[in-house]
Amino acid sequence: MKRVLSLAVVLAALTSASTAVADDGAGPFGVTVTAGAVAGSERVGVLVPAGRAARPAGAHFCTASVVRAPYRNLVVTAAHCLDGRGELVFVPGYRNGRAPHGVWKVKRRFLPRGWVEGRREDSDVAFAVVAPRGGKGVEDAVGGYRFTTGTATGATAVTLTGYPDSRETPVSCTNKPTAHSPGQQRIACPGFAGGTSGSPWVNGDGQVVGVLGGHDDGGTTPDVSYSVVLRAEAERLYREAAGDP
């Protein structure tokens, strides 16, 4: 999960910041706030060990989000969040120990070859298929973002939403990413400490164009975070995962 050298979280109590959208005209940029319980943020949730499914407070360790798929059962996160762990559950819209949209069991994981064979930081993205509840998928409960590859880094601003380990509510920040390397993008947003790995980077069209992770497992400070540049490997993995019922 994201390694940080400082756990300071800077939250601004600005109503205008909490409603910022990810496009060129919105703002303020680079300000982290507590994410409101609105439709978009309810698609984001926490990963929790299955043994703590009934008591997720203090047990969540990574962030994930629902993405659109034919079987309405798919979430995206960082590969390092799913690798080498036991049974897991996903809790969308988690707040203060509560699961407003239910607890969803992770039944299958899809990690890219580059990560499995060499833990390549440029491959740090993964998908999890979650089991249905009451005959319906998680996307039926909260909706889903579009997973999109091939977008230009920094073409528009993006909004990050994630769950630091030290908090029981999500934080959100909007800013423009910049290139870090050919395979990595970076963004300046304070307060994205350990636990925010897997946070979606969502543009103004509701597309996931990044996932917090990659370089240094997402970053060594809470103020700068990284993501894989989503290209062909991520597209192949999405298609494979999206075809799993």
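That block above? That's the structure.
Residues numbered from 1 in each chain as written. Predicted model: local features only at pLDDT ≥ 70, side-chain atom pairs only at ≥ 80, totals over all residues. Heavy atoms only, no water.

**Q** Can you lay out the pairing of strand 15 (residues 224-228) for me, pointing to particular residues and giving the numbers?
**A** Of all five residues in strand 15, four are buried; the element is thus mostly enclosed. Where strand 12 (residues 184-188) and strand 15 come together, five bridges link them in antiparallel fashion. Paired with alanine 188 across the two strands is valine 224, which belongs to strand 15. (Buried < 20%, exposed > 50% of the residue type's maximum accessible area, 1.4 Å probe, protein only. Helix = DSSP H or I, 4+ residues; strand = E, 2+ residues; numbered from the N terminus. Pairing = 2+ DSSP bridges.)

**Q** Tell me about the nonpolar core, and name the residues and values.
**A** Val67, Leu74, Val76, Phe127, Phe147, Val208 and Tyr238 are the most contacted members of the largest nonpolar core, which has 28 residues in total. Those elements that place two or more of their residues in this core are strand 2 (44-49), strand 4 (74-77), strand 5 (88-92), strand 7 (126-130), strand 14 (207-211) and helix 5 (232-242). Top contributing element to this core by residue count: helix 5, with five residues. Beyond its immediate sequence surroundings of up to four residues, valine 67 is in contact with Leu74, Val75, Val76, Phe127, Glu139, Gly144, Tyr145, Phe147, Val208 and Tyr238. Membership of the second largest hydrophobic core comes to 20 residues, among which are Ala79, Leu88, Trp104 and Trp115. (Core = buried A, V, L, I, M, F, W, Y, C linked by side-chain atoms within 4.5 Å. Contact = heavy atoms within 4.5 Å.)

**Q** Any details on the sheet that holds strand 14? Residues and values, ideally.
**A** With mixed pairing, six strands are arranged side by side in an open sheet as 1-10-9-13-14-8. Two strands close off the open sheet at either side, each with one partner strand: strand 1 (32-34) and strand 8 (146-147). In the sheet, strand 8 pairs with strand 14 via two bridges, with the strands oriented parallel. Looking at strand 14, one finds that phenylalanine 147 is bridged to valine 208.

**Q** Quick one: what's the story with the packing of aromatic side chains, residue by residue and with numbers?
**A** The geometry of an aromatic ring pair comes down to the distance between the two centres and the angle between the two planes. Taken as a whole, this structure holds four aromatic pairs when the rule is applied. Measuring from centroid to centroid gives 5.0 Å for phenylalanine 127 and phenylalanine 147, while their planes differ by 80°, and the two rings are edge-to-face. Taken as a pair, phenylalanine 127 in strand 7 and phenylalanine 147 in strand 8 lie far apart in primary sequence, 20 residues in all. Here phenylalanine 127 falls in the buried class, since its relative accessible area comes to 0%. Pairing phenylalanine 127 with tyrosine 238 gives two aromatic rings, centres 5.8 Å apart and planes at 55°, and the pair type is tilted. Pair noted here: phenylalanine 127 is in strand 7 and tyrosine 238 is in helix 5, with a separation of 111 residues, a long-range link. Since its relative accessible area comes to 16%, tyrosine 238 is described here as buried. Put simply, the rings of Phe127, Phe147 and Tyr238 touch in pairs and so form one group of aromatic residues. One residue, arginine 43, lies across the ring of tyrosine 145, its end atom 5.1 Å from the ring centre. (Phe/Tyr/Trp six-rings, centres within 6.5 Å; stacked < 30°, edge-to-face > 60°. Lys NZ or Arg CZ within 6 Å of the ring centre and 35° of its normal.)

**Q** Go over the state of the cysteines with me, naming the residues and quoting the values.
**A** By the definition in use, this model includes two disulfides. The partner cysteine of cysteine 173 in its disulfide is cysteine 189, sulfur to sulfur 2.1 Å. Between cysteine 173 and cysteine 189 the sulfur-sulfur dihedral comes to about -80°; the bridge is accordingly left-handed. In this pair, cysteine 173 sits in strand 10 (residues 171-175) while cysteine 189 sits in the loop between strand 12 and strand 13 (200-202), placing the two residues 16 residues apart along the sequence. This pair shows no difference in class: cysteine 173 is buried, exactly as cysteine 189 is. When the bonded cysteines of the protein chain are numbered from the N-terminus onward, they pair as 1-2, 3-4. (Disulfide = S-S within 2.5 Å.)

**Q** So, unusual backbone geometry: which residues are in play, and what are the values?
**A** In terms of backbone geometry, most residues other than glycine have negative phi values and most peptide bonds are trans. Look at arginine 119: it is not a glycine, yet its phi comes out positive at around 45°. Following the sequence through the fold, arginine 119 ends up in the loop between helix 3 (113-118) and strand 7. The class for arginine 119 is partly exposed, based on a relative accessible area of 46%. The phi angle at aspartate 217 is positive, at roughly 55°, despite the residue not being glycine. Mapped onto the elements of the fold, aspartate 217 is located in the loop between strand 14 and strand 15.

**Q** How would you summarise the pattern of salt bridges if you had to cite specific residues and measurements?
**A** Applying the stated rule across the entire model yields seven salt bridges. For arginine 72, the salt bridge is made with glutamate 139, and the minimal N-O distance between the two is 3.4 Å. Here arginine 72, found in the loop between strand 3 (62-67) and strand 4, pairs with glutamate 139, found in helix 4 (residues 138-142); they are 67 residues apart in sequence, far enough to count as distant. Judged by its relative accessible area of 32%, arginine 72 falls in the partly exposed class. For aspartate 244, the salt bridge identified is with arginine 108, shortest N-O distance 2.3 Å. Of the two residues, aspartate 244 is situated in the segment after helix 5 and arginine 108 in strand 6 (residues 104-110); the sequence distance between them amounts to 136 residues. Of the residues examined, aspartate 244 reaches a relative accessible area of 12% and is grouped as buried. Linked by salt bridges that have partners in common, Arg72, Glu139 and Asp140 make up one network. (Salt bridge = Lys/Arg side-chain N within 4 Å of Asp/Glu carboxyl O.)

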